[in-house]
There are 2 protein chains.
Amino acid sequence: MNVSRISRYSAKHRILKATRQLSASSKSIPVSKKFPTHVIFGANTDVGKTVVSTSLVKSNVDNNQPVHYIKPLQCGGSDEGFVLKHMTKSVPNDSGAHTLFNWNTPASPHLASRIENQPTSDEMVLDTLQQKIRSIAQNAESVSCTNIWIETAGGVLSPSSSSPLNSQPKHASNQQRWGWSTQGDLYKQLQLPVVLVGDGRLGGISATLSAMESLIVRGYDIHALVLIDEAEGEHGSNLPALKEYAERSLSLRSGSGRPLLKHEDSIISLPPLPPLEVPLDEWFASAQVKEQSERLNGYLNEMWNDHVDTLYNLRSEGKESLWWPFTQHQGHDDKKVNATVIDGATGDYFSILNDTDNDNDTTGMERSGTFDACASWWTQGMGHGETSLSLSAAAAAGKFGHVIFPDVVHEPAKALADRLLHSKSGPGRDWASRVFFTDDGSTAMEVAIKMGMKKYVYDRAARGDGDVPLDKKLTVVAQNDCYHGDTLGVMDVAEPSVFNEGQHPWYEPKGLFLSYPTIRYANGKIGVAPPSSSGCPASAKEFDSIELILDVGQRLSSDLYTHYYEQIDKEWSNYESTENKIIASVVIEPVLLGAGGMKFIDPLWQRALIDLARSKHVPIIFDEVAAGLYRVGVASCREIIGANPDIAAYAKLLTGGLIPMSVTLASEDVFKTFLGDTKAEALLHGHSYTAHPVGCVSSIHALDTYAELFESNEIDYKTAFFNQEEVSALSQLDIVQEAMSLGTVVAVTIEPDESGSGYAAAGRSIPVVKYLLDNGVYARPLGNVVYIMVSPLTKPDECSRLCGILKDALLTVS
Amino acid sequence: MNVSRISRYSAKHRILKATRQLSASSKSIPVSKKFPTHVIFGANTDVGKTVVSTSLVKSNVDNNQPVHYIKPLQCGGSDEGFVLKHMTKSVPNDSGAHTLFNWNTPASPHLASRIENQPTSDEMVLDTLQQKIRSIAQNAESVSCTNIWIETAGGVLSPSSSSPLNSQPKHASNQQRWGWSTQGDLYKQLQLPVVLVGDGRLGGISATLSAMESLIVRGYDIHALVLIDEAEGEHGSNLPALKEYAERSLSLRSGSGRPLLKHEDSIISLPPLPPLEVPLDEWFASAQVKEQSERLNGYLNEMWNDHVDTLYNLRSEGKESLWWPFTQHQGHDDKKVNATVIDGATGDYFSILNDTDNDNDTTGMERSGTFDACASWWTQGMGHGETSLSLSAAAAAGKFGHVIFPDVVHEPAKALADRLLHSKSGPGRDWASRVFFTDDGSTAMEVAIKMGMKKYVYDRAARGDGDVPLDKKLTVVAQNDCYHGDTLGVMDVAEPSVFNEGQHPWYEPKGLFLSYPTIRYANGKIGVAPPSSSGCPASAKEFDSIELILDVGQRLSSDLYTHYYEQIDKEWSNYESTENKIIASVVIEPVLLGAGGMKFIDPLWQRALIDLARSKHVPIIFDEVAAGLYRVGVASCREIIGANPDIAAYAKLLTGGLIPMSVTLASEDVFKTFLGDTKAEALLHGHSYTAHPVGCVSSIHALDTYAELFESNEIDYKTAFFNQEEVSALSQLDIVQEAMSLGTVVAVTIEPDESGSGYAAAGRSIPVVKYLLDNGVYARPLGNVVYIMVSPLTKPDECSRLCGILKDALLTVS
């Protein structure tokens, strides 16, 4: 048997290697019927993982099938040696047993690596493991299928190895900041199916079920559960109880929704082991063990084939039944055009499946990690598949499910409201007193507009200006290119375009839409770009730094402020007098206008608009659905603009990127507008899952995590993610019209070619996005704008790496 | 020490007792600073639960504080005896040690109860335990605080006792149908905080963390983690690693969102135990054990007080920051008016906290179970806090989080689409080919209307009827009292009323709203109630059974069908000719019109409307958000009406009652309407969390569970939940105008008094609802209609019990 073993590196060597590997753009492993690959976890230490692994390897060897055994982490002893010792037949070609990292200290890897001063990061373990799997596949000469069995260390949540590079919030660490994660978290991103070796001892039912649950909350697909029964007579086998449990009508499920352990071969037990001093050869050679191992091996291979078929068919079958939003399906008829198969995601990375080019492997695929640079429609905050978020959501699900909300107080809703209204960085702190819950950005904004309109009418009457004349329609002031959602009410708060006029006969624009100045880098310089018509004073348009342009307080005394104020006042008055309409609310996306084209609006202009609206007693609504909650480095853009709204909407990042939930914050004055003697005067808007506890607890978890990060020190997170010099440099490329970055977002506007500009024009951005995808970055163009968005937990060096790839993409295309 | 012990009942006696107790309307336990109550779980068998329990009891006794120890389930031996044996001081008054159920067989309770033929249901264990806690509280004479420690059996997921009465889908059972649940599931509904005794042995880190996760997914609040270290030198204590893990910035959280185990006293270890043969007296007497136990006891009491304060303050503080939907807040100023504090929920029951009347216990509360008879706004399907649903949601969260959806296929979305479109009872089977995902009923219906309108315009042109004339407005046919959601687009599909006209200046009704005939029991007879104006033929209005009235196929040849058809045709034509509008879609809530007043519409009338619309080439939209997916006993009401729609919307029950997600199903013809050459022709409607995997997997889990129930046999679930004779009897009560039940819903319309009828009129329904609440049933009136709604998993005898309480309520009020 070809035995490879990677000996210990020096600590320094390891760190250097890991750093370089961090910048590898893609790592892939095969998902192919030719290479069934399973991870073997144990419900506990010492339940017989290596014995089960050996019996599986042995059943391959006995049948002359090539097989590889991999032990990524070994502390003391050698499981690889144990496996090899028990092979009684000559091992087929194309086989091997591999220990990837080992330590002499017989302790948990997190301790052994610290004691021996051998830092080994998760990244390094995974890279080495994936390399090993790739090389097994690449070097396979046999036409038969080759099983790969990966044996983990200890129990499902036993610590993995430690390293100073294991420094994400999910890592547990000691005072020297050597962090570790659990075995279950370490291998999660490989998205491989699992064999769980349960605990056959007294108490083992509980240990086995708990271990199973730990795998489930990490999304694993458990293909089989194997027990080694305890010596007879002690308490009986745990098998019957575990089978009873798995056969309940309430299935256990994988993260893809597949029912687990329903087949009779999926839960089996092996006979008790002889006493410790007796070698296991006879046990392995017994008919029962041989027969059971073979059956298990066969069943696992069947399950693997099923797994590959299911995944392979996803693309073609999925597009027959799914109706994608914002997607023209015409042209998707070609079998494999455009559909991306995402089979799991970890941290900032999607796990994407692509077909292999190998003609001999018709359903073969490659799995590789691709950076989610659209932050999955701006939602990602905690990273994909974050276990602590999954557990927090499950905790609320377990305690409450969902409970009706009117007239009800439950702790998750109250605790979330406290964080939004009263915590140090709460977006509603000092101005808002109430939280209204809905499901998404659209509904949060529909509620906001209902609140704003009613407040206007109420205030008008209260201050003696009388009722709204019957011949006047109430409308809003909004911004050009604004986007507040897809429901009809908020669709009306958008100027007519090819994207809403054709969508619904009931669409009717209901606002004054103002053109606005932006801030951006052009040719390497930061400055204000006024709308073409504005006659903006030239002197005020250039700035030495992004800090100065964002210093609204300082800029209030500038001519530009006066200019903005007067300009808006003129348009406003003109609109009201000529259109026979009354403006009853101001609706803006503060600072970052997202879906409408990634425009960074000059906050001074928005401040002027707000100041003007205040003078006219018109309520101010912030739509912070996209940009709020740290997307641009601040909890609310009021921190940049220096003024508070009356009403503000949040969603997307709220739940950390997990599930829909939105909130509309309101001042006490707005709330009081709805007080009255009858129910009809109340705000009659309530979706079934209003304030669902799962969303509330997920949001609490996310907000606490963001707060710890953003409140903990003196860094200015508006400019701390992407390096401003790198962004400035992007703006100097020929193909780039302008570039800008705030917080977790960097955007470049590509010089339009003959295909035009704006949302419909993607002539030159599509190849840029294609280059990014080929280099492991999944971005979505917005017309001629390409942007990259990270999560609030992403590190600056990762941002820098992404910025580099973006630059390469722009250089390649131009 | 006052030692009580409930001796074994005969099996028969136990079953009888449990059956009676099932009908007890309310059971409560104190939540009071006077009675700190903790449940002690073990990470595994044999980790030292009883030793830790003893040390806690001992620290109370040593300080002369009253204390109770409860061991609900004991198999062989006596932990109570062990505890008592180690008391070295005389035990204070008001103390006790109690074993509630015991077996001689030293095995897991699920086996012991089977072997000894002593069935013991979850209900019986919980009732007995709650009775015990109540009696401890009632009999307490001391003014000091009294600790109550409840020690579970085995590990967190060790089996509990078996009984034929443990027959819910969550129970694991043997072939004789004696079912059991896990310890963690058994005690969940008590919502008590936990002391987890971790595993101090080698491998114990994994076992302890997994056990912790099993408690977390069940929503438990873990107040402390205690380890008994293994004898020194073996591998070192597990304490440092567990502390490192708990101190990560990503907190572990309770189901209420509270961070777990962050305080330094919350994770402690006790010194290694002496060898088995050495008695523990010396160990207990050691300074270290005494000091640690005392510190732990003190910390747990502090945590308990905090817990009580937090819960007590929820009601008053919550209503300062929450803005409830559909609620007039005026009048809530009085400190305790109206707010219901829900602290968890299990199955069909809320766990509600009420203040005690005891003046000496100013923050004292009672916790009791109350039936969720509004199914939390029609959402409940799997029961609250169902562990398998919580795990399924967590699995998807762990594997994916959320991933962007346009042009993407992921298995959960595809697998859910398959179930909706192609499974045996899929609501879209045989007519729909596409699934469009949104977040809630409102958005699903906005999408449905966008689809319907465009289809109408497209078909009109395609069949050569030309474009819609510019002077004509496109509207819909809908039903009086209809309700399709709260966003502005669907608000327009509702006739003007006090509930929408005042809500928004942009509200503008856009439909022909038809009055409709209902089916209902009146004076004990089932029949059709036509709208007053209809001139409906009298002969067709009476039926011998509900089956006959629901047999639309049979009734198609009746005069009534022709009458309906002609009547609608007349109104339709009249509307289009006089209003200068064109009807471009038909929008109906099939069979059950929910929010508008729980009206059961004659399906024959809806069939006539559909047949007419088909003849006019007008698309048909089913809003099955409220009534679909088995709410009325069928997956889709098309099974009753006998006709398919072009478009249909589902939400509420979709995710099993956990989180928001909705789907709009469409036929291939509808889908094709949106195919074109440009993106602008596509359906541009996409919320950020479109097709979120957590919702998809929750929905798959729920739909599979419903399907297994509803497809598995020949029962007609339209009439199998509530007994039709009991419903008929309700309709004969003086106060009742009419009564009706289909599927999981029973509704009675109360004879209006001077306060009028309809949604605004609740004069006589409020006392009925109050009576229900006082008798453990949480219902919400809809004007003069009171309804009770169960989940698809609720058993008929529970429905019958609820119907009985409703009858009592109606008799008491009238």
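Definitions and cut-offs
- Residues numbered from 1 in each chain as written.
- Chains lettered and ligands numbered in written order.
- Predicted model: local features only at pLDDT ≥ 70, side-chain atom pairs only at ≥ 80, totals over all residues.
- Heavy atoms only, no water.
- UniProt positions renumbered as here; feature names shortened; annotations may be inferred.
- Least-squares fit on C-alpha atoms with pLDDT ≥ 70 in both.
- Contact = heavy atoms within 4.5 Å.
- Axes fitted to C-alpha atoms, helices over the stretch in contact; angles between N-to-C directions.
- Helix = DSSP H or I, 4+ residues; strand = E, 2+ residues; numbered from the N terminus.
- Parallel < 35°, antiparallel > 145°, perpendicular 65-115°, else oblique.
- Nonpolar A, V, L, I, M, F, W, Y, C, P; charged D, E, K, R; others polar.
- Pairing = 2+ DSSP bridges.
- Buried area = accessible area lost by both parts, 1.4 Å probe.
- Salt bridge = Lys/Arg side-chain N within 4 Å of Asp/Glu carboxyl O.
- Left-handed = near helix turned anticlockwise from the far one by under 90°.
- Domains from an automatic or database assignment.
- Core = buried A, V, L, I, M, F, W, Y, C linked by side-chain atoms within 4.5 Å.
- Buried < 20%, exposed > 50% of the residue type's maximum accessible area, 1.4 Å probe, protein only.

Note on chain A: under the UniProt heading Subcellular location (unreviewed entry), the record states "Mitochondrion".

How do you make sense of the relation of the copies chain A and chain B when you look at a structure like this?
Two chain copies, one operation linking them: a rotation about an axis together with a shift along it. The transformation that overlays chain A on chain B combines an axial shift of 0.0 Å with a rotation of 180°, and the residual RMSD is 0.0 Å. This pairing of chains is accounted for by a two-fold axis. When the interface residues of chain A are mapped onto chain B, 100% of them again fall at the interface, so both copies present the same face.

Got a minute to help me understand the packing of helix H7 (residues 204-217) of chain A against helix H12 (residues 387-399) of chain B in this structure?
How two helices sit against one another is set out by the angle between their axes and by the gap between those axes. For the pair H7 of chain A and H12 of chain B, interaxial distance at closest approach is 7 Å and the crossing angle is 50°. Taken together, H7 of chain A and H12 of chain B sit at an angle that is classed as oblique. For the pair formed by H7 of chain A and H12 of chain B, the contact residues are Glu213, Ile216 and Val217 of chain A on the first element and Leu391, Ala394, Ala395 and Gly398 of chain B on the second. In the contact of H7 of chain A with H12 of chain B, the residues fall into 5 nonpolar, 1 polar and 1 charged.

Help me understand the sheet that holds strand E21 (residues 581-588) of chain A, please; the structure alone is not making it clear to me.
Consider a sheet: its strands pair through backbone hydrogen bonds, and that pairing is either parallel or antiparallel. Residue and element names in this part refer to chain A. The strand order across the open sheet built from 7 strands is E16-E26-E25-E24-E21-E17-E18, with neighbouring strands paired in mixed fashion. In the strand order of this sheet, the two ends are held by strand E16 (434-438) and strand E18 (511-514), each with one partner. Ignoring which end each strand starts from, the neighbouring axes of this sheet average 25° apart. Relative to strand E25 (residues 647-650), strand E24 (residues 620-623) runs parallel, the two being bridged by 3 bridges. In the sheet register, Ile621 faces E25, and the bridge partner there is Ile647. Helix-sheet contacts for helix H18 (residues 559-579) involve strand E17 (473-479), E18 and E21, and the interaxial angle to E21 is about 140°. Contacts from helix H19 (residues 603-615) reach E17, E18, E21 and E24 within the one sheet, and its direction differs from that of E21 by about 140°.

Looking at this structure, how should I read the interface of chain A and chain B?
Think of interface size as the accessible area that goes away when the parts come together; that is how it is often given. Taken residue by residue, the interface counts 184 residues in chain A and 184 residues in chain B. For the pair chain A and chain B, the two sides together bury roughly 16,100 Å², of which 60% comes from carbon and sulfur. Counting across the interface, chain A meets chain B through 12 salt bridges. With a shortest N-O distance of 2.9 Å, Arg114 of chain B and Glu244 of chain A are connected by a salt bridge.

How should I be thinking about the packing of helix H24 (residues 765-774) of chain B against helix H25 (residues 796-813) of chain B in this particular structure?
Residues and elements named next belong to chain B. Running from amino to carboxyl end, H24 crosses H25 at an angle of 130°, the nearest separation of the two axes being 9 Å. As far as their axial angle goes, H25 and H24 are oblique. Between H24 and H25 lies a crossing of right-handed hand. Between H24 and H25, the contacting residues are Pro767, Val768, Tyr771 and Leu772 on the first element and Ile805, Leu806, Asp808, Ala809, Leu810, Thr812 and Val813 on the second. The residue makeup of the contact of H24 with H25, split by class, is 9 nonpolar, 1 polar and 1 charged.

How do you make sense of the domain arrangement of chain A when you look at a structure like this?
All names here are of chain A. Split into domains, chain A comes out as domain 1 (1-31 + 329-372 + 719-814), domain 2 (32-313) and domain 3 (440-665 + 673-685). Each partner contributes to the interface: domain 1 provides 25 residues, whereas domain 3 provides 25 residues. Roughly 1,900 Å² of surface becomes buried between domain 1 and domain 3 when both sides are summed, with 70% attributable to carbon and sulfur atoms. The three residues of domain 1 that bury the most area against domain 3 are Glu738, Met740 and Leu742, which together make up 31% of that side's buried surface. One can count 1 salt bridge joining domain 1 with domain 3. Of the charged contacts, one joins Arg520 and Glu738 as a salt bridge, the two residues approaching to 3.8 Å between their closest N and O atoms.

For this particular structure, what's the right way to read the nonpolar core?
Generally speaking, nonpolar side chains in soluble globular proteins are found buried as a group. Grouped together as the largest cluster of nonpolar side chains are 484 residues, with contacts concentrated most on Leu196 and Phe437 of chain A together with Leu196 and Phe437 of chain B. In this view, Phe437 of chain B contacts Leu322 of chain A together with Phe405, Ala413, Leu416, Met661, Ser662, Val663, Thr690, Ala691 and Cys696 of chain B; residues no more than four positions away in its chain are not counted.

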